[in-house]
Amino acid sequence: MRDNDKCWCKSETPYALCHKDFDLKLEELKKRGKIVPPRKLIKTKEQIEGIREAGRINSLILDKVAENIKAGITTEELDKIVFEETQKYNGRPAPLGYCGFPKSVCISVNNVVCHGIPSKKQVLKDGDIVNVDCTTEVNGYYGDASRMFIIGEASEEAKKLVRVTKECLDFAFSKLTPFMNVGDIGHHINKMARANGFSVVKELGGHGVGLAMHEDPFVNHTAKLGTGMVLAPGMVFTIEPMINAGKAGVYIDADDGWTVRTQDGSLSAQWEYTILMTETGAEILSK
Ligand code: MF3
Ligand code: CO
Ligand code: CO
């Protein structure tokens, strides 16, 4: 691309004043053996505004869940709230029909790690720890976030697990800088979780997001420093550690093909943000 050409990012700005330094930086990193992102993972300004709006609405839907979740409610009732609230914003609950997923939201209770299917048989009770994971598509753009809820009074261990999992996510977020390696995220999370006596799930992780529910790169929450794809400004991805009170092993329920549980029956917690990498740091688009 020549200096006076309009930049490939659709900004209408001359290349030399727009992504030229960016491209040179990635070229240099590539020469040093780093995995650099393809251009399709660098969102345009217009795409970022679309994802920001989807993320904002996704957070409002989680706020609605927060207002309603309590002992005695079924996870199916929460699913209905998510479905109806999403309609109000002209959104679409992205899980519904995704690879055959039957509901609008994933709700994962106690030893369920993720992808729990809402059910009228599942009544929330005092002491439960519950992850509610919403993904919302608005105008073709996606936001993805999850929160933990403690129903009534939970055990000290359960409360610590929920707190530490959030601290791991917030610490990893605080360490985000442009052009770092995605593996650094997992290093920070795994180190902090283990220091607290917990273990981090390996098989599932975060992901690029924005134009689809799941994009590259995979965000491994147990990775090593300096490994994996470079996170460049304009990339949007999730961090969503799943942390177990016991061992890290998980299995998928053979009957429904979705529900992921801890192998040892121990409690599991998860928090998730959608994050935009910027030139100066990072910004949360949905939480
Ligand atoms: N929201 C989940 C994630 O964080 C994806 C759910 S896929 C579903 O990646 F099919 F289970 F809904
Ligand atoms: Co999610
Ligand atoms: Co996600």
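Each remark here, short or long, concerns the structure printed above.
Conventions and cut-offs
Each chain has its residues counted from 1, following the order in which its sequence is written. Chains carry letters and ligands carry numbers; both start at the beginning, A for chains and 1 for ligands, and go up in the order they are written. Confidence filtering applies because this is a predicted model: local features only for residues at pLDDT of at least 70, side-chain atom pairs given and counted only at 80 or more, and all residues used for totals across whole chains, interfaces and linings. Side-chain figures throughout are based on the complete set of non-hydrogen atoms in the structure, without hydrogens or water. Take a side-chain nitrogen of Lys or Arg and a carboxyl oxygen of Asp or Glu: if they are within 4 Å of each other, that pair is a salt bridge. Starting at the N terminus, helices and strands are each numbered in turn, a helix being any DSSP run of H or I of at least four residues and a strand any DSSP run of E of at least two. Note on exposure labels: buried denotes an accessible area under 20% of the residue type's maximum, exposed denotes more than 50%, and partly exposed covers the range between, all computed with a 1.4 Å probe on protein chains only. Think of it this way: DSSP has to see at least two bridges between two strands before they count as a pair. Should any heavy atoms of two residues lie within 4.5 Å, those residues are counted as being in contact. Axes here mean lines fitted to C-alpha atoms, for a helix over just the part in contact, with angles spanning 0 to 180 degrees between N-to-C directions. Whether two aromatic rings pair depends on their centres lying within 6.5 Å, for rings of Phe, Tyr and Trp, where Trp uses its six-membered ring; planes under 30 degrees apart make the pair stacked, over 60 edge-to-face, and the rest tilted. When the NZ atom of lysine or the CZ atom of arginine is within 6 Å of a ring's centre and also within 35 degrees of its normal, the charge is said to sit over that ring.

A. Representation of the pattern of salt bridges within the structure. Tallied over the full model, the rule gives 20 salt bridges. With a shortest N-O distance of 2.9 Å, D63 and R147 are connected by a salt bridge. One end of the pair, D63, is in helix α2 (residues 45-68); the other, R147, is in strand β5 (residues 141-150), with 84 residues separating them in the sequence. By relative accessible area, R147 is classed as buried at 14%. Notably, a salt bridge pairs D170 with K166, separated by 3.0 Å at the nearest N-O pair. Of this pair, D170 and K166 both sit in helix α4 (residues 156-174), four residues apart, which is roughly one turn of that helix. Salt bridges linked by common partners bring E49, R52 and E283 together as one network.

B. Representation of the sheet that holds strand β7 (residues 199-200) in the model. Here three strands make up an open sheet; going across it, the order is β7-β12-β15 and the pairing antiparallel. In the strand order of this sheet, the two ends are held by β7 and β15 (268-270), each with one partner. Relative to strand β12 (residues 242-244), β7 runs antiparallel, the two being bridged by two bridges. Bridge pairing in β12 places V200 opposite I243. Sheet strands in contact with α4 are β12 and β15, and its direction is about 35 degrees off that of β15.

C. Quick peek at the packing of aromatic side chains. This model, assessed by the stated rule, comprises four aromatic pairs. Plain terms: the ring middles of F173 and Y273 are 6.5 Å apart, the flat faces sit at 85 degrees to each other, and that makes the pair edge-to-face. Of the two residues, F173 is situated in helix α4 and Y273 in strand β16 (residues 273-277); the sequence distance between them amounts to 100 residues. A relative accessible area of 2% means that Y273 is categorised as buried. A connected cluster of aromatic rings, assembled from ring pairs, spans W8, F22 and F179. Between the NZ or CZ atom of K166 and the centre of the ring of W271, over which it lies, the distance is 5.5 Å.

Function cannot be inferred from these measures alone, as they are strictly geometric.
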